[in-house]
Each structure stands twice: as C-alpha cells, then as structure tokens.
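Chains, contacts and geometry: an overview
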Amino acid sequence: MKYVLVTGGVVSGLGKGVTASSIGVVLKACGLRVTSIKIDPYLNIDAGTMSPFEHGEVFVLDDGGEVDLDLGNYERFLDIKLTRDNNITTGKINKFVSDKERRGDYLGKTVQVVPHVTDAIQEWIERVAMIPVDGQEGPADVCVIELGGTIGDIESMPFIEALAQFSDRVGPGNFCLVHVSLVPVLNVVGEQKTKPTQHSVRGLRGQGLSPNILACRSAKPLEENVKEKLSKFCHVPEANIVTLHDVSNIWHIPLLLRDQKAHEAILKKLKLLGVSREPSLEEWTGRAKICDMLDNPVRIAMVGKYTGLQDSYLSVLKALLHASVACRRKLIVEWVPSTDLEDPTALESPDVHEAAWNLLKGADGILVPGGFGDRGVQGKILAAKYARENNIPFLGICLGMQIAVIEYTRSVLGFQDANSEEFDPDTSMPCVVHMPEASKTHMGGTMRLGSRRTYFQVANCKSAKLYGNVKYVDERHRHRYEVNPNMIAALENAGLSFVGKDETKRRMEILELPGHPYFVGVQFHPEFKSRPGKPSPLFLGLIAASCSQVDAPMHTSPSISSKLILKNGPANGVVKAYQNGNYKSNGSLNGFYANGNGVHV
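Everything numeric here is computed off the predicted structure, so don't read it as measured data. (Residues numbered from 1 in each chain as written. Predicted model: local features only at pLDDT ≥ 70, side-chain atom pairs only at ≥ 80, totals over all residues. Heavy atoms only, no water.)

What follows is about the pairing of strand β17 (residues 472–479). Among the eight residues that make up β17, seven are buried, leaving the element largely enclosed by the rest of the structure. Examined bridge by bridge, strand β16 (residues 448–456) and β17 share eight bridges and lie antiparallel to one another. Bridge assignment links G450 to a residue of β17, and that residue is H477. (Buried < 20%, exposed > 50% of the residue type's maximum accessible area, 1.4 Å probe, protein only. Helix = DSSP H or I, 4+ residues; strand = E, 2+ residues; numbered from the N terminus. Pairing = 2+ DSSP bridges.)

Below, the structure is given as structure tokens:
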C-alpha cells in the first residue's frame, strides 16, 4: 500500500479536503485505485453531535457513519463509498485504547500516548486503508490521508508523532507528504510573502515530518522568484512546488495539479511511474469549462436556519450545482434565513422581512433542507405554503418534508395546532412523531442513519420516473422523527400522495402533490449520493422544473454510456440517460431531453 499524507499550515480553511480529493482524482486518472482517510483531532467520537455553525454539515455514509464533510468531497470527487472508519477522531482512538486497557490487553503496562495511542493510530490507518471502497475486490493502490487542523495545534501532536513513525514503518517509496500552505499578499507591499510557509514547514520538520511537495494556496500563480525562495528555505525541489491559486470553480483543481505535473512528483516518490499512465481528465476538463460558460441563471431559494455558514449545507449546494450544470444553467442560490420570513421579524425588522420575502418570491424554485430544533420552523412552513399555493417547484429534505406535512395539515385539513412532537411534545395534532426506536436520552449515533430502502407505491409518479421507473431506491437517512402513520389516510384523502414508503409501508419516505409542477418531499438525504457526473435525480427534477424543462420524454438506449450525457443548445432539457444500476430509465418522464451535440460531463 502506498500513502499520500496531506497536511495544512499557517491557517485553517485552506482547502486541504479539496486538495486531497483532487490528488485522488489525478492518481485515479493515472489508472490507480484510490481510497481516503480523514483524521480529525477533536475529542468527539464523530461529527454527529456537532453544530453545523461550528463545523459545517454532518456527512452521512452508507453504513450510518456521521462524519466530517471532507469525506463528502472524497466521495463526490472519487465516486467511492467510504465507511465510518475512514474518519478517525481523537475520540475514537481514545475509546479504542481505553477499551483495550479495560479488557487487560496491555498486560498491566502503563498506557501512554507513546507508544499505545500512536500505535493505535497507525494500526487503524493500515486496517482501514485495506478496505475496498470502489466496488472492486482487494485493497486500493494508494491511500490519501488528510490530517485536519493546522500544524502546531496541540490536539494534532499525537497524530503527527504517529504519522512520523508511520512514514518509517511503511518504508521509503511508500509515503509521500504534501503540505498545503498559504502564500499571502500584503496589500501594503503587494508581493507574495513566503515567511508563513517557511515557519509552517519548520514546525512540521520539528515534529519529524518533511514535506515532499508544497501545495501553495494563493490568489494568483506563484512568481518564479517566490518558488525559488520557497525551494531554498523549505528544502523542497522547485519542480515539487505547486500553485493552487484561486479558480472559478473547484473542478479546476485536479487540472491545476495535472498541468503542474504534481502527479509525476507523487508517483516518483511512491515509485509508481512505471505502473501508471498519463492522467486522462477529459470529463473533468469538459465539466470545468461548461461550468464557467454558463450564463442563463436558475435561482433557487435556500430556506434554512444555518444560512450564515454555507458549509452547513455543502452537500445540498453541490447537488444543486451538479443538477444545474446538467441543465446548462448557472446556479444562483438565494440564501433566505427562515426566521426572516416570520411575523416577529416583520415587527422588529420590517426591511429584513421584506427583503427575505422578495428573495423567496423572485426564486425559480424553493428548497427547504434538513435541520434540528424549532428556531425558524415557522418560516420554513411559510415557504412551503407559498410554493404549494403558487405552483413554485419545491423540494423538502428530511425536516423539509416534515414541515410540508405540517403545513398541509394546517392549511388543507384545517388543524391549526398541528405540529411535530419535536417542536411541541404536547400538541393535540401530532402529524410528525418521534420514531419508537430512536433514543430520547442519548444524542450521538441514535437516529435512523445510513442507507435504507424506499419502495415506490405509485408507478407513474414524478419521483419514480426521475429514478428511472425502478421499484425501489437506496438513499441515506439521518432523522429521529417521522410522519405520523396514523395521519396518512387523512392526508392522502385530502390530496397529498405518499409515493414512497419503507418495507413496512408505515414509514413515509417520499411525498408528492399531484397536479403541482414539482412539489416533492423526501425523508432521506439525496444530496449525499449526488456526483458531478451523476446528479441526484430529485435535485435534477427540481432544477429542471425551475427551468420549465419538465415536459419532454426521457429515453433509454442500451448503447448509451452509463455516465450522464448532456446535449448542447438551449437548456430545454437534459437527460438522455442517467446512470446504470438502480437508475436506468425507461418510459417517459415529466422530465428531460435535449437536442444538439453531445458533451460528456
């Protein structure tokens, strides 16, 4: 097994996750199989109980693991399926070591950071790196490891020590270190400054690790004299100093690495030059160029409570982007804080209230994502009501589906006190209830998590057609509340259709409003399985409906690639074929078709 370690220096938020993912893309394009591991130095067991405001979204894996959002980047970029063990935290390692100590595995020895914690980290990496994640048998060729945080952080020190030992453990030719650092420009002097990177590399070396490649984040490409200076002071060959300057979209990052021969430096260090090929990135190049050329906008109102931090909805944003590129539209997300739509805001800040409603009313489509807690719920209900009554395309995800049910119960069935037990445990009309198997006392890992199967109940509904008229679909879940099964008959008699249910037919998974251009709510999170070349069907439906592209047929041809195929010309349709497996299409769809010359994206 070969290992590529990606570390970061100077400041956090440099894009180590995208860099690590892009390295994986380029290596995969060289014909190698790639897996990934993310190390997070925090004491939490996993990301499940962390606030989106503090750490961004919680990404959910097929096995139910609640992990760091960077694993979402890995899955999207590399089109792989990771496991919960691909995310290592200090909390997991400490629990692993403590459990061994309680069992007596250390035979009475004093348990210490070195060697017991550092050995546990190394053993975890070696074990997880061998797990196949690309659907093929046997281990991958290369494991890309990202160390979270910044060099010099106290909490990272056990991992740095473990990785320094690990580089010796795996031996020469099996370990390559890529250090991502900042090269800022001070406005006063207007020149790129190397000193922060010098100090970062010095700190890294002081802890036993020496970078083989420098990936320098900067606003503009590095000047030659800056590269020369970094090479001398950081003891890294000039050819191994890569500029990761600001780009128009992140799909350019693998292309930057390729164009600067970063793959050759990595392959040389890992002694893989003889078994790899030149990277083939035609699809990536086409996707990046198409994204840059789009100018016909589609406006989606994102009505949520964490709108102050875009990373809180990272996967939703990426799924919207994948679908909008497929529809040949430039995505414009209108961030609408749900609290701003509510009556108290109208009294306290009428200008803010009016601006929020203007954004909502000016959008082509409305999306209400998941969330927890009662803050801003009334605003989300108002957004769903507006979409329903005004025939605006709507997609509600998890809580977004539940508030659509609450709104329908109140507005159509006439039960004004209808609510979720999450927001009002004593409500007289609980249309959303606590799942019986979910814990009410413990938070971490106690929800309905991971990949679950949804069976379509209505063959000709929009959702089934978007998925290709399959009988069922597997999507990822993260919730502890569900639509009250005792309310289903009344809701369906009033016109709401639950077109997707679980295997018991008592748990509602997908709702639609017949006669509406596109009003869909799902209990699962389709954004977690969206890929750049394989957009989520439900997001594709939202964007297409928002572009008024939902009246053309979908066709299937056995000769068509399993990749999404786009057609040039005006964005009056998109899909000629979706992916293979559960998403083969047949029949017609209130969906997509496009004319013109084909472009693979």
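Our next topic: the packing of aromatic side chains. The geometry of an aromatic ring pair comes down to the distance between the two centres and the angle between the two planes. Under the counting rule described, the total for this entry stands at eleven aromatic pairs. Ring geometry for F77 and W284: centres 5.2 Å apart, planes at 40 degrees, overall tilted. Here F77, found in helix α3 (residues 70–78), pairs with W284, found in helix α11 (residues 282–293); they are 207 residues apart in sequence, far enough to count as distant. Just as F77 is buried, W284 falls in that class too. Where F456 meets Y467, the ring centres are 5.9 Å apart and the plane angle is 50 degrees; that geometry is what we call tilted. Within this pair, whereas F456 is found in strand β16, its partner Y467 is found in the loop between α17 (462–466) and β17, the two being separated by eleven residues in sequence. With respect to burial, F456 and Y467 carry one shared label: buried. An aromatic cluster of three or more residues is present, and its members are Y3, F166 and F175. The ring of W124 carries R127 above its face, with NZ or CZ at 5.0 Å from the centroid. Note that K195 overlies the ring of F233, its terminal NZ or CZ placed 6.0 Å from the centroid. (Phe/Tyr/Trp six-rings, centres within 6.5 Å; stacked < 30°, edge-to-face > 60°. Lys NZ or Arg CZ within 6 Å of the ring centre and 35° of its normal.)

There is a patch of nonpolar side chains on the surface, built from L186, V188 and V189 and spanning about 320 Å² of accessible area. With respect to the helices, strands and loops of the structure, V188 is situated in the loop between β7 (175–182) and α7 (195–206). (Patch = residues over 30% accessible without salt bridge, like charges linked within 9 Å, V, L, I, M, F, W, Y side chains within 5 Å. Areas by Shrake-Rupley, 256 points an atom, 1.4 Å probe, with all protein chains shown as cover. Salt bridge = Lys/Arg side-chain N within 4 Å of Asp/Glu carboxyl O.)

What follows is about the state of the cysteines. Following the criterion strictly, the structure yields zero disulfides and no others. Here C176 is not cross-linked by a disulfide; its sulfur's nearest cysteine counterpart is in C30, at 13 Å. Here C547 is not disulfide-linked; the sulfur of C327 is the nearest cysteine sulfur, at 5.3 Å. (Disulfide = S-S within 2.5 Å.)

What follows deals with the pairing of strand β20 (residues 508–512). Counting buried residues in β20 gives five out of five residues, a clear majority hidden from the surface. Two successive antiparallel strands, strand β19 (residues 497–501) and β20, enclose a turn made up of six residues, where K505 displays a positive phi of approximately 65 degrees. Sheet topology places β20 next to strand β21 (residues 519–522); three bridges connect them, and they run antiparallel. Bridging from a neighbouring strand, I510 pairs with V522 of β21. Between the antiparallel neighbours β20 and β21 lie six residues, among them G515 with a positive phi of about 90 degrees.

As summarised here, the arrangement of the three strands in space is β14-β15-β18, forming an open sheet in which the pairing is mixed. Among the strands making up the open sheet, the edge pair consists of β14 (418–420) and β18 (481–483). Neighbour to neighbour, the strand axes of the sheet diverge by 30 degrees on average, direction disregarded. Direction of pairing for β14 relative to strand β15 (residues 429–434): parallel, over a ladder of three bridges. Bridging from a neighbouring strand, N419 pairs with P430 of β15. (Axes fitted to C-alpha atoms, helices over the stretch in contact; angles between N-to-C directions.)

Attention shifts here to the sheet that holds β7. Strand pairing within a sheet occurs via backbone hydrogen bonds; the two strands may be parallel or antiparallel. Here seven strands make up an open sheet; going across it, the order is β5-β2-β6-β1-β7-β8-β9 and the pairing parallel. Since the sheet does not close on itself, it has two edges, and those belong to β5 (87–89) and β9 (241–245), each with one partner. The mean angle between the axes of side-by-side strands here comes to 20 degrees, regardless of whether they run parallel or antiparallel. As paired elements, strand β1 (residues 2–8) and β7 share six bridges and run parallel to each other.

One pass over the structure, following the stated rule, counts 28 salt bridges. Here D70 and K38 are joined by a salt bridge, their closest N and O atoms 3.0 Å apart. With D70 in helix α3 and K38 in strand β2 (residues 34–40), this residue pair connects regions lying 32 residues apart in the sequence. Of the two residues examined, D70 and K38, each falls in the buried class. Ionic pairing is found between R453 and D474, a salt bridge with its closest N-O pair at 2.8 Å. Of this pair, R453 sits in strand β16 while D474 sits in strand β17, placing them 21 residues apart in sequence. The class for D474 is buried, based on a relative accessible area of 16%. A cluster of three or more residues bridged by salt bridges with shared partners is formed by D62, E75, D79, K81, R476, R531 and K534.

This part is about the environment of A545. Inspection of the secondary structure puts A545 in helix α19 (residues 537–546). Here the alpha-carbon distance between A545 and L413, two residues 132 residues apart in the chain, equals 27 Å.

Cis geometry marks the peptide bond from V114 to P115; its omega dihedral reads 20 degrees. In this fold, P115 is placed in helix α5 (residues 113–129). Despite not being glycine, V10 has its phi angle at roughly 75 degrees, a positive value. Its relative accessible area of 33% is what places V10 among the partly exposed residues. The phi dihedral of N469 is positive, around 60 degrees, even though this residue is not glycine.

In short, geometric facts, not functional conclusions.
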